[in-house]
Amino acid sequence: MKPSSARASTRERSPPAAAAPGASQERHVDVLILGAGLSGIGAACHLARRLKHKSYAILERREAIGGTWDLFRYPGIRSDSDMSTFGFNFRPWREPRVLSDGASIKRYLTEAAEQNGVTQHIRFGRRVTRAEWSSAKAQWTVTVYNTAIGAEETHTANFLIAATGYYSYDFGYTPAFPGREAFKGTVVHPQHWPEGLDYAGKKVTVIGSGATAITLVPSLAAGGAKVTMLQRSPTYVLSVPAIDPLWEKLSRVLPVKLLYAATRARNIGLQRALYVASRRKPQVVKRLIRGLTSRQLGDSVDIRHFTPSYNPWEERLCIVPDGDLFRALRNGSARIVTDTIKTFDETGIRLDSGEHLDADIIVTATGLNVQMFGGVKIVIDGKPFVVKEHMFYKGMMLNDVPNLLAISGYTNASWTLKADIVCEHFMRLIAHMDRKKLKVVTPRAKGVRRLDDTVFGSLASGYLRRGADNLPRQGDRAPWIALHDYLRDATALKFGSVSHPELEFRAQ
């Protein structure tokens, strides 16, 4: 609240064994940003707005701006956070839609980049393979494979911003389903959705119960597919208005910037209130969600399909616009089955209950593979970096790693809320170092005990449990604890001092 190629034509070619003689090029900038998705474009815009004198470049492995919103092309792809908080704090989202489609989000990012002069700084078709810090040189050296020329490049920078999200672009997660090779139909992972896949009139089984599955099911049904949603266990699903009614009314009298700020503040408050209530009064929130869901489903669908065994916000809540998933289930264009898979066979899926799901297409909406830094090998003064051995400082930097901002968003609110404020803080930190003529800043965890909890905290989603070894840890005290509380974080990061006792500065 999300962080391969969606089309074969956008996949990078494998690098040759060795680059052609003389093909290697070297470039130096003050700040090097890895990734031109939501976090990378946001970081570049903050940099361009606040530190105009700094040189920078963005390295993007794909051929377009967008990251996730360029990669995923499955039917109905949309945000799973409201756009007033998913948009940047410096650029209003100008539409009344609460959840937006992928193409509109990509367009928003492209316009933000153009408006802030960022586009010209993006180097497309650059796959970063290695980033090495040298204390002797006080700089990062980044090795890049340029897909256009089939050769390596070397880039150097004083500061590095990792805006690579939290999952692998190369491979989505698919369990090893028994008998999969026997299935005669088409198996698709949403992360690799084939262009032009014809599903109209076909029997489609969508495996999964997360944000991707609940987006796909009503979209496929609207496109003429006969859809079955197969889930191993239920998820909490809330319906929100597709169009913000307050935005529609107030847009007639308020300027866009003021309306955006007001809507943003309201939704931040609502998100936080629901999360806090879920943690403090889980049974109350569970009854509330169950009641709302029951009204959406009517008598045609068993409420048990939407009654998880865990409490709200132990895993991320899913939201649907105008109850589109519930409507598809009510009108019979889709159905839901809660069961476990025994085996695939030639014509579909045999369940442990004995039921058989006939299928022409099986969609494995089974999640992501967690990966920090986009698979880049990071080396600090000759020592390989092992992410699980490090802790997050203020949810933005890593102990014993100099001059690096690693952008990680919220799990209980919009990703961008955190991305915005850590970028603002990092820009203030660089400005502070310029004033003091300092070159290097390194977080040092002095007397801090590293916990097993990852930076995403207590959230128990399957993909986070599977990928725990690929995530930084938390410490036992501030500033090494990820609060996942925007109001507290915003106060500390936007207005608090950048010179913290646990930051080590040096002039060279």
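Residues numbered from 1 in each chain as written. Predicted model: local features only at pLDDT ≥ 70, side-chain atom pairs only at ≥ 80, totals over all residues. Heavy atoms only, no water.

**Comments concerning empty space enclosed by the protein**
Part 1 of the reasoning: Its volume calculated, the largest cavity comes out at about 80 Å³.
Part 2 of the reasoning: Along the walls of the largest cavity sit I268, Q271, R272, Y410, N412, A413, L417, H484, D485, Y486 and L487, which together make up its complete lining.
Part 3 of the reasoning: Sorting the residues of the lining of the largest cavity by element identifies α7 (256–280) and α12 (486–495) as the ones contributing at least two each.
Part 4 of the reasoning: Looking at which element gives the most residues to the lining of the largest cavity, the answer is α7, with three residues.
Part 5 of the reasoning: Of the residues in the lining of the largest cavity, the class split is six nonpolar, three polar and two charged. (1 Å grid on protein atoms, 1.4 Å probe; cavity = no way out; pocket = protein on both sides within 12 Å on 5 of 7 lines; lining within 4 Å. Points joined across faces, edges and corners; volume = space filled by probe spheres on them. Helix = DSSP H or I, 4+ residues; strand = E, 2+ residues; numbered from the N terminus. Nonpolar A, V, L, I, M, F, W, Y, C, P; charged D, E, K, R; others polar.)

**Description of the nonpolar core**
Part 1 of the reasoning: I41, F373 and I407 are the most contacted members of the largest nonpolar core, which has 134 residues in total.
Part 2 of the reasoning: Here this core takes twelve residues from helix α10 (residues 415–435), the largest share from any one element.
Part 3 of the reasoning: Setting aside residues up to four positions removed in sequence, I407 forms contacts with S39, A43, I161, A162, A163, W415, A419, V422 and C423. (Core = buried A, V, L, I, M, F, W, Y, C linked by side-chain atoms within 4.5 Å. Buried < 20%, exposed > 50% of the residue type's maximum accessible area, 1.4 Å probe, protein only. Contact = heavy atoms within 4.5 Å.)

**Describing the layout of surface pockets**
Part 1 of the reasoning: One number sums up the size of the second largest pocket: a volume of about 800 Å³.
Part 2 of the reasoning: As for the second largest pocket, its lining consists of 36 residues, of which D82, V240, L270, Q271 and I319 are closest to the centre.
Part 3 of the reasoning: Of all the secondary structure elements, the ones that give two or more residues to the lining of the second largest pocket are α3 (83–86), β10 (237–240), α6 (245–250), α7 and α8 (282–297).
Part 4 of the reasoning: Ranked by the residues each element gives to the lining of the second largest pocket, the list is headed by α7, at six residues.
Part 5 of the reasoning: Of the residues belonging to the lining of the second largest pocket, the class tally is 19 nonpolar, ten polar and seven charged.

**Description of the packing of helix α1 (residues 38–50) against helix α4 (residues 102–115)**
Part 1 of the reasoning: Where α1 meets α4, the axes come as close as 10 Å, and the angle between the chain directions of the two elements is 20 degrees. Our classification of the angle between α1 and α4 gives roughly parallel. Of the two elements, α1 crosses α4, and the hand of that crossing is left-handed. Only L109, A112 and A113 of α4 make contact with α1, whose side of the interface consists of L38, I41 and C45.
Part 2 of the reasoning: Residue classes in the contact of α1 with α4 are distributed as six nonpolar, no polar and no charged. (Axes fitted to C-alpha atoms, helices over the stretch in contact; angles between N-to-C directions. Parallel < 35°, antiparallel > 145°, perpendicular 65-115°, else oblique. Left-handed = near helix turned anticlockwise from the far one by under 90°.)

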